[in-house]
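The lines below spell out each chain.
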Amino acid sequence: MFRDKAIETMSSEDLQKLQIERLQETALRAQSVPFYRERFKELGLTPDDIQTYDDVKKIPFTTKKDLQQGFPFGFVAVPMRDIIRIHTTSGTTGKPTVVTYTAQDLDTWSELIARNLTMVGLTSDDVFQNMVNYGMFTGGLGFHYGAEKLGIVTIPAATGNTHRQIEMLYDFGVTAIHCTPSYAMRIAEVSEEMGIILDKLKYGVFGAEPWSEALRSDLEKRLGVEAFDSYGMSELFGPGVAFECKEHNGLHIWHDIYYAEIIDPNTGETLPPGHRGELVVTPLLKEAMPLLRYRTGDITMLMPEPCPCGRGMKIARMTGRSDDMLIIRGINVFPSQIEHVIKQIPGIGDQFMVTIERVNHLDEMTISAEITDEVFNGELDQLTQLRTRVVQALKERLELRTTIHLVERGSLPRFEGKAKRVIDLREKA
Ligand code: DLL
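All of the points below concern the structure found in this document.

Conventions and cut-offs
Residues numbered from 1 in each chain as written. Predicted model: local features only at pLDDT ≥ 70, side-chain atom pairs only at ≥ 80, totals over all residues. Heavy atoms only, no water. Patch = residues over 30% accessible without salt bridge, like charges linked within 9 Å, V, L, I, M, F, W, Y side chains within 5 Å. Areas by Shrake-Rupley, 256 points an atom, 1.4 Å probe, with all protein chains shown as cover. Salt bridge = Lys/Arg side-chain N within 4 Å of Asp/Glu carboxyl O. Helix = DSSP H or I, 4+ residues; strand = E, 2+ residues; numbered from the N terminus. Buried < 20%, exposed > 50% of the residue type's maximum accessible area, 1.4 Å probe, protein only. Contact = heavy atoms within 4.5 Å. Axes fitted to C-alpha atoms, helices over the stretch in contact; angles between N-to-C directions. Parallel < 35°, antiparallel > 145°, perpendicular 65-115°, else oblique. Left-handed = near helix turned anticlockwise from the far one by under 90°. Nonpolar A, V, L, I, M, F, W, Y, C, P; charged D, E, K, R; others polar. Near = heavy atom within 4 Å. Polar contact = N/O pair within 3.5 Å; in protein donor to acceptor, adjacent residues only side chain to side chain. Pairing = 2+ DSSP bridges. 1 Å grid on protein atoms, 1.4 Å probe; cavity = no way out; pocket = protein on both sides within 12 Å on 5 of 7 lines; lining within 4 Å. Points joined across faces, edges and corners; volume = space filled by probe spheres on them. Phe/Tyr/Trp six-rings, centres within 6.5 Å; stacked < 30°, edge-to-face > 60°.

1. Remarks on a nonpolar patch on the surface
A cluster of nonpolar side chains, Phe73, Met80, Ile86 and Met136, forms an exposed patch at the surface whose accessible area comes to about 340 Å². Tracing the backbone shows Phe73 in the loop between helix H5 (64–69) and strand S1 (83–89). By relative accessible area, Phe73 is classed as partly exposed at 35%.

Following this line, the structure appears as C-alpha cells:
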C-alpha cells in the first residue's frame with residue numbers, strides 16, 4: 001500500500017533536513033519572480049538565511065490577491081518556452097488565478113496522485129472512472145495522469161449525463177470513482193432510480209468541496225464504497241495535496257512536497273498542532289510557479305497524534321474558509337465575482353443577495369437582484385429577458401447555475417458595515 005515507503009514514513013530528523021533543503025531551493029527559484037525578489041531585498045533576506053523552521057517565518061505570506069496582481073504570468077519563474085500547461089481557478093474579481101506547469105511539475109503532480117491512489121488501495125487491476133470537469137479545473141487531468149501512471153484503466157468520463165455515467169460504471173465494471181461528494185450523491189440517487197446495482201464499486205475518492213461525516217456514511221452505504229477525502233488546490237498543482245489513508249482520521253499532507261503551517265488568520269501568528277487556523281503551504285518542488293507561504297484560506301489543524309499507518313503529518317478535514325469564498329457544487333466563487341458579472345448588465349441595480357440551500361444533497365443558489373426603476377416600470381417581456389440575460393451571464397462567466405429573482409429597488413437590505421450578501425443555509429460539516 002506504499003508507493004514510496006522511505007519517503008512516506010520518513011523520520012522527523014531526515015524530514016527536517018529534506019524540508020529545509022527544499023525550502024531553500026524554493027526560495028532560490030522564487031528569486032526569478034520580481035515580486036519575491038523585491039520582497040527579499042526589502043527585508044534584507046536571502047535564500048541562504050533559511051536554515052531552520054523558525055527562519056521560514058521571516059518570509060511574508062503570499063495571497064491570492066498577490067497572484068492576481070501578477071495576472072497572467074507575473075509569477076512564472078522559468079522561461080515561457082518551458083511551460084507546457086496552464087490551468088485556472090477562481091480569482092476574487094473578474095480575472096481568474098492562473099497556474100502554470102513545466103514538464104517536471106506535471107510529473108511531480110502525477111506521481112503525487114499515484115501515491116495517493118496507492119494509499120487508498122488501487123492497483124493496475126482497478127478500473128477508475130474520473131467524473132469531474134476535464135477543462136481548466138485541475139481535478140480532471142490531474143487525476144487522469146496520476147491514475148494512468150499507476151497503470152489503472154482510466155475512464156475520462158468528465159461530468160454530466162448521469163444516466164450514461166451509470167451505464168459506464170456498470171458496463172465497464174468500474175471499481176473506483178472520483179468526483180465531488182455532491183455528484184456522488186446524485187450518482188447514488190439516479191442509479192437507485194434506474195434499478196442498477198453497482199456491485200463492482202469498491203473505492204470512492206471525493207473532494208474539491210467540504211463534506212460531512214454524515215454524507216460519508218450515506219455514500220458508503222448507498223454506493224457500497226469505502227469513501228476517501230481528497231484535498232487540493234490549483235495553486236498547489238491541484239488535487240493530491242492531502243489525502244485520507246485507510247484510518248479515515250485526517251488527511252496526510254505530503255511532507256516532501258509541501259511544507260505546511262497553521263496560522264491565526266487574524267494575526268498571522270503560527271499555531272501549534274491541535275489548534276485550528278488557516279493552512280499556509282509552501283510547495284517544495286514547484287518549478288514553473290514557486291510559491292512561498294501561500295495562504296490557502298482553508299481552516300484546519302495539524303493533527304498532534306502520529307497515524308497508525310506509519311505515514312507522516314496529517315491535517316484535519318476542512319471546516320471552513322477564512323475568507324468569503326463559496327464552493328457551490330465544487331465550483332469556487334467569490335461574492336465579488338457575482339457582483340462583477342451582474343453589475344455589467346444594464347437594468348440591474350446596486351444591491352443583490354445570494355441564498356444557498358442544499359436540496360436533495362445538491363447545492364442550489366438563488367440570487368435576488370434589485371433592478372432599476374425603468375425596468376421595474378417597463379414591460380413584462382423586458383423583465384423576462386433581463387432574467388435570462390443574468391442567468392446566462394452567470395453560467396458563461398462563472399459556470400454557475402442559478403435561479404434569479406428580480407426585485408424592486410429598495411427591497412433588499414442595506415449595510416452600514418461590511419456587506420453580508422450571502423445566506424448559506426447548507427448544513428456545516
Ligand atoms: O478543488 C482541486 C481538487 C480537485 C481537489 C479534485 C480535490 C479533488 P480549486 O478549484 O483550486 O482546486 O479549489 C481549491 O477547494 O482551497 C478548498 O477550499 C476546497 N477544497 C478542495 N478539496 C477540499 C476538501 C481543487 N477535500 C479549494 N474538503 C480549496 C474541503 C476542499 N474543501
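2. Description of the environment of Leu406
Counting through the fold element by element, Leu406 comes out in strand S19 (residues 402–407). Apart from the residues within four sequence positions on either side, Leu406 is in contact with Ile348, Ala369, Ile371, Leu383, Leu386 and Arg387.

3. Quick look at the packing of helix H11 (residues 335–343) against helix H13 (residues 380–398)
Two numbers describe how H11 lies on H13: the axes approach to 10 Å, and their chain directions differ by 130°. Here H11 is positioned oblique relative to H13, judged by the angle of their axes. For H11 against H13, the interelement crossing comes out right-handed. Contacts between H11 and H13 involve Gln337, Ile338, His340, Val341 and Ile342 on the former and, on the latter, Val390, Ala393, Leu394, Arg397 and Leu398. Taken together, the residues of the contact of H11 with H13 break down into 7 nonpolar, 2 polar and 1 charged.

4. A word on the site of the ligand
Every one of the 22 residues lining the ligand counts as a neighbour, but Asp229, Ser230, Ser234, Asp298 and Asn332 are closest to it. Backbone polar atom of Ser230 to a nitrogen atom of the ligand: 2.8 Å apart, as the coordinates give it. Contacts to the ligand include Asp298, whose side-chain N or O atom sits 2.6 Å from an oxygen atom. Protein contact buries 98% of the 610 Å² of open area that the ligand shows by itself. In terms of residue count, strand S7 (residues 226–233) provides more of the shell around the ligand than any other element does, 5 residues in total. In terms of residue class, the shell around the ligand is made up of 9 nonpolar, 9 polar and 4 charged.

5. Observations regarding the sheet that holds strand S10 (residues 258–263)
Read from one edge to the other, the open sheet built from 4 strands follows the order S10-S11-S12-S14, with strand pairing classed as antiparallel. Two strands lie at the open edges of the sheet, namely S10 and strand S14 (320–321), each paired on one side alone. Two elements, strand S11 (residues 277–283) and strand S12 (residues 294–300), share 4 bridges in a ladder whose sense is antiparallel. Looking at S12, one finds that Val280 is bridged to Arg295.

6. A short note on the sheet that holds S7
An order of S4-S3-S5-S6-S7-S8-S9-S13 is seen for the 8 strands of this open sheet, with the pairing classed as mixed. Either end of the sheet is taken by a strand with one partner, and the two such strands are strand S4 (153–155) and strand S13 (314–315). Helix-sheet contacts for helix H6 (residues 103–120) involve strand S6 (203–207), S7, strand S8 (238–244) and strand S9 (251–253), and the interaxial angle to S8 is about 25°.

7. A short note on the layout of surface pockets
Over the atoms a probe the size of a water molecule is rolled, and this reveals where empty space is left. One number sums up the size of the second largest pocket: a volume of about 670 Å³. At the level of secondary structure, the elements contributing two or more residues to the lining of the second largest pocket comprise helix H2 (12–30), helix H4 (53–56) and S10. Top contributing element to the lining of the second largest pocket by residue count: S10, with 5 residues.

8. Observations concerning the packing of aromatic side chains
A full pass over the atoms with the stated rule returns 10 aromatic pairs. With a centroid separation of 5.3 Å and an interplanar angle of 10°, the aromatic rings of Tyr53 and Tyr259 are classed as stacked. Taken together, the positions of Tyr53 in helix H4 and Tyr259 in strand S10 put the pair 206 residues apart, joining distant regions of the chain. For Tyr259, a relative accessible area of 9% puts it in the buried group.

9. Regarding the pairing of strand S17 (residues 348–359)
In this structure, S17 lies alongside strand S18 (residues 362–371), joined through 9 bridges in antiparallel fashion. Bridge pairing links Glu357 to Glu364 in S18. Counting the residues that bridge the hairpin from S17 to S18 gives 2 residues, and of these Asn360 lies at a positive phi of roughly 50°. Judged from the 3 bridges that link them, S17 and strand S20 (residues 422–424) form a sheet pairing that is parallel. Across the sheet, the residue bridging to Ile356 is Asp424, located in S20.

Shape is all these values report; function is a separate question.
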